[in-house]
Structure formats: C-alpha cells, structure tokens
Amino acid sequence: MTPILTAENVTKHYGAIRAVDGVSFSVAPGEIFGVIGPNGSGKSTLFNCVLGQIRPDDGRVAFKERDITGAGPLAMSRMGIGRTFQSLQVFGGLTVRDNVIAAAQEYRGGLWSRLFSAPDMGLGAKADETLALFELAPHAAKR
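Residues numbered from 1 in each chain as written. Predicted model: local features only at pLDDT ≥ 70, side-chain atom pairs only at ≥ 80, totals over all residues. Heavy atoms only, no water.

Student: Sorry if this is basic, but what is going on with unusual backbone geometry here?
Tutor: Leaving glycine out, the prevailing phi sign among residues is negative, and the prevailing peptide bond configuration is trans. The backbone of Glu65 shows a phi angle near 65 degrees, a positive value even though the residue is not glycine. Relative to the assigned elements, Glu65 resides in the loop between strand E3 (58-63) and strand E4 (66-67). Here the phi dihedral of Glu135 falls at roughly 55 degrees; this positive angle occurs in a residue that is not glycine. (Helix = DSSP H or I, 4+ residues; strand = E, 2+ residues; numbered from the N terminus.)

Student: Which parts of the structure should I look at to understand the environment of Ala140?
Tutor: Of note, Ala140 is situated in the segment after helix H5 (124-133). Under the relative-accessibility criterion, Ala140 is labelled buried at 16%. Distance in space between the C-alpha atoms of Ala140 and Thr95 is 6.5 Å, their sequence separation being 45 residues. Leave out the neighbours within four places in its chain, and Ala140 touches Thr95, Val96, Arg97 and Leu131. (Buried < 20%, exposed > 50% of the residue type's maximum accessible area, 1.4 Å probe, protein only. Contact = heavy atoms within 4.5 Å.)

Student: Help me out: how do you make sense of the layout of surface pockets in this one?
Tutor: Space inside the largest pocket adds up to approximately 730 Å³. What lines the largest pocket is a set of 18 residues, among which Phe33, Phe47, Leu51, Gly82 and Thr84 lie closest to the centre. Looking at the lining of the largest pocket, the element that brings in the most residues is helix H1 (residues 43-50), giving 5 residues. Considered class by class, the residues forming the lining of the largest pocket number 11 nonpolar, 4 polar and 3 charged. (1 Å grid on protein atoms, 1.4 Å probe; cavity = no way out; pocket = protein on both sides within 12 Å on 5 of 7 lines; lining within 4 Å. Points joined across faces, edges and corners; volume = space filled by probe spheres on them. Nonpolar A, V, L, I, M, F, W, Y, C, P; charged D, E, K, R; others polar.)

Put into structure tokens, the structure is as follows:
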C-alpha cells in the first residue's frame, strides 16, 4: 500500500544542537502512528517540520506522494492536513457523547448550518460509533 505520509531524512539544527537528526518514517492510509521519546528529544520539532510550521534543514516530506516540505500551515490545511495540540479540555456540563459531538461540529459546516440544522448536526450516530470504537459507550450519558 502506498504511504499517505512520508518523511525522509528530516533534519533540523539550532546552531550546534541537532533537534532532529535524519528521521525517516512512512504512514499508510488508516494507520495509527505515534512518535514517543523523552522531553527534549525533538518530537515537537519533528512535527513542526512535517506539518510546515518550520522548514527542515535537510530531508523531504511527502503527502500522497507530493512533496510538501516546508509548504506552510495554510497550504497543509488546504490539503486536508490538520494538527491538534495536547489540550485535554472538555465541557464539564455536557455528557461524554455531547462532548464528542461538540468536537466534531468544529469540522462540519459554517455558521448557517450550525444555527439551523439539527442540534447534533446529524453527528449523533457518528458520535455513538466513535464511543463504541473506543469502548466508551457505557459512559456516553455521564458528565
């Protein structure tokens, strides 16, 4: 299967510090891929290079076999590449299910559809499916 995302020999220096040193990987469509390491090991710098926040000093990044090295966040977004940060905030007054729906609404429609569509914007079934996938369905009604 052709990888959807590929990084080849990605390198980033800050003076004499090698934050990322020749990292290569590929991610297949539908694959869940993680990067682990201790604080200061270059994980954030690697993500910033791959996602266009900073340009690597060396190496190449490709999405769907297209070179996107240093393309920038706006170009990445237009290609459907998004990033989320490790922010673990939820709405305490909402149920687990409603929190999943609220998160999904951010990516569905504009203001008009948000104001005049169903309260869950038709996302209830998808939320239920997601909760089941992560074995959270028994907690769907809990706050």
